[in-house]
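Letter by letter, the chains look like this.
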Amino acid sequence: MNEQLNYAPCSYLLLAENGRILDANFMLLQLLEFEMSELKGKSIQSLLTVPSQTFYQLFVLPIIEMEESVEEVYISLMSKTGKEVPVIMNAIKQLNDGEITISCAMIAIKKGVNTKK
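Residues numbered from 1 in each chain as written. Predicted model: local features only at pLDDT ≥ 70, side-chain atom pairs only at ≥ 80, totals over all residues. Heavy atoms only, no water.

(A) Focus on the pairing of strand E4 (residues 84-96). In this sheet, E4 lies alongside strand E3 (residues 69-78) in antiparallel orientation, the contact comprising eight bridges. The residue of E4 that forms the bridge with Val70 is Ala91. The turn joining E3 and E4, which pair antiparallel and follow one another in sequence, is formed by five residues; a positive phi near 90° is taken by Gly82. Bridge count between E4 and strand E5 (residues 99-108): 10 bridges; the pairing is antiparallel. Bridging across to E5, Ile92 finds its partner in Ser103. Linking E4 back to E5 in an antiparallel pair, the connection comprises two residues, with Asp97 at a positive phi of about 55°. (Pairing = 2+ DSSP bridges. Helix = DSSP H or I, 4+ residues; strand = E, 2+ residues; numbered from the N terminus.)

Here it is as structure tokens:
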């Protein structure tokens, strides 16, 4: 992964066509408290909450297959410590070095805003 993408201000995940994790940027690893060695080769399903696993399988994946992209999907990831992390995700299916991959960009959603001064 190039340096700019690795430190982009959004989380990035690169998946093989079968949903296995190929790469993740620093922001995603930091957000979920994982090391890349803990994620590489695992299924994206292992990062999703149970409701998000179902949603991804029944809604997100079919849209990516039919339209080759999906925009502004709300899903929840699970951190290494078990914390639920809601995100908005855009994903695109593309040919990458002769392989079909799915690139996912995610922005974490903050729950509530601190208005105290």
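Picking up where we left off.
(B) Broad picture of the sheet that holds E3. If you walk across this open sheet you meet the five strands as E2-E1-E5-E4-E3, and the pairing is antiparallel. A single partner strand is all that each edge strand has here, and the edge strands are strand E2 (21-24) and E3. Across the sheet, the mean angle from the axis of one strand to that of its neighbour is 30°, orientation sign disregarded. Packing of helix H4 (residues 50-67) onto the sheet brings it into contact with strand E1 (11-16), E3, E4 and E5, and relative to E3 it is tilted by some 160°. (Axes fitted to C-alpha atoms, helices over the stretch in contact; angles between N-to-C directions. Contact = heavy atoms within 4.5 Å.)

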